[in-house]
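Listed here are the chains, written in short residue letters.
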Amino acid sequence: MNQETRAARLAVIDLQNVFADPGSPWFAPDLPGILDPVRRLAAAFGDRTTFTRFIAPDEPVGAWRPYYAQWPFALQPPDSDIYRLVDEFAADAGATVDATTFSKWTPRLAGLVGGAGRLVLAGVATDCCVLSTAVAAADAGVAVQVVADACAGSSREAHQQALGILRLYAPLIEVVGLEDILGPAAVTRRGVSRQESVRRDGRT
């Protein structure tokens, strides 16, 4: 991990049951495959790791009304099981940054990162909340790195499409692999080869 990364904050976006449960309408099928990369990132960043949650509003307003008319199952309180973090991280995540919006670039997360800081993103869904958070943070002048092989989309195709869109925001947003953050030795030592990292990322 280089000096710039050591000064960055990791935000793990929305690793919640609603995206992890195969029976959920919002299931992200590749989410199980990113749990180990996220675990490695969280261990490396330590207390500079923040977990976020998407939660439903008490009462949808504006364009959110037809959204929740389409997804009525999601109008549940923040402490409902669907909005809890997945078991792998629930006990150790600490206080979460919650938002009723796709973007998790809230005043609280912004305060943790700092105005001239660097934000590393992992989590779900690449094509929704990860992308929305990355763009909002970049607009605020924060350097953003999206760890492609620690993110999962609503589908594999949507994940790759979102990475392509995110690359258009360079140099404000950089799409990277796990080894770019942790270093090649750390990744291969844990059994993820360069070839596997590239395959997940979609880079050649």
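Note that this is a predicted model, so its numbers are computed, not measured. (Residues numbered from 1 in each chain as written. Predicted model: local features only at pLDDT ≥ 70, side-chain atom pairs only at ≥ 80, totals over all residues. Heavy atoms only, no water.)

**Structural notes on the nonpolar core**
And then number 1: Counting residues in each nonpolar core, the largest one holds 37 residues, and the members touching the most others are Leu15, Val38, Leu41, Tyr83, Val124, Val147 and Ile181.
And then number 2: Elements with a minimum of two residues in this core: strand E1 (9–13), helix H2 (17–20), helix H3 (35–45), strand E2 (49–54), strand E4 (118–124), strand E5 (143–152) and helix H9 (178–182).
And then number 3: If you tally residues by element for this core, the top one is H3, at four residues.
And then number 4: Among residues more than four places away in sequence, those in contact with Val124 are Ile13, Asp14, Leu15, Phe19, Ala28, Leu31, Ile34, Cys129, Val130 and Ala152.
And then number 5: Counting 24 residues, the second-largest nonpolar core is a separate cluster that includes Ala11, Leu119, Val146 and Leu166. (Core = buried A, V, L, I, M, F, W, Y, C linked by side-chain atoms within 4.5 Å. Buried < 20%, exposed > 50% of the residue type's maximum accessible area, 1.4 Å probe, protein only. Helix = DSSP H or I, 4+ residues; strand = E, 2+ residues; numbered from the N terminus. Contact = heavy atoms within 4.5 Å.)

**Let's talk about the packing of helix H7 (residues 126–139) against helix H8 (residues 156–167)**
Between two packed helices, the angle of one axis relative to the other and the distance separating the axes together describe the packing.
And then number 1: Put simply, H7 and H8 touch, their axes get as near as 9 Å, and they point 20° apart. Compared by their axis directions, H7 and H8 come out roughly parallel. Where H7 crosses over H8, the handedness of that crossing is right-handed. Each of Thr126, Asp127, Leu131 and Ala134 in H7 lies in contact with H8, whose residues at this interface are Ala158, His159, Ala162, Leu163, Ile165 and Leu166.
And then number 2: Among the residues forming the contact of H7 with H8, the class breakdown is seven nonpolar, two polar and one charged. (Axes fitted to C-alpha atoms, helices over the stretch in contact; angles between N-to-C directions. Parallel < 35°, antiparallel > 145°, perpendicular 65-115°, else oblique. Left-handed = near helix turned anticlockwise from the far one by under 90°. Nonpolar A, V, L, I, M, F, W, Y, C, P; charged D, E, K, R; others polar.)

**Some words on the confidence of the model for the chain**
And then number 1: Per-residue confidence for the chain averages 90 on the pLDDT scale, and 87% of its residues sit at or above 70.
And then number 2: Low pLDDT, under 50, characterises residues 189–200; the predicted model gives this stretch 19 contacts beyond four residues in sequence or across chains. (pLDDT = per-residue confidence, 0-100.)

**Concerning the packing of aromatic side chains**
Describing an aromatic ring pair means giving the distance of the ring centres and the angle of the ring planes.
And then number 1: Taken as a whole and assessed by the stated rule, the structure comprises 13 aromatic pairs.
And then number 2: The interplanar angle of 70° and the centroid separation of 5.9 Å between the aromatic rings of Trp26 and Trp71 together place this pair among those described as edge-to-face. Pair noted here: Trp26 is in the loop between H2 and H3 and Trp71 is in the loop between helix H4 (64–70) and helix H5 (87–90), with a separation of 45 residues, a long-range link.
And then number 3: Using a relative accessible area of 24% as the deciding quantity, one classes Trp71 as partly exposed. (Phe/Tyr/Trp six-rings, centres within 6.5 Å; stacked < 30°, edge-to-face > 60°.)

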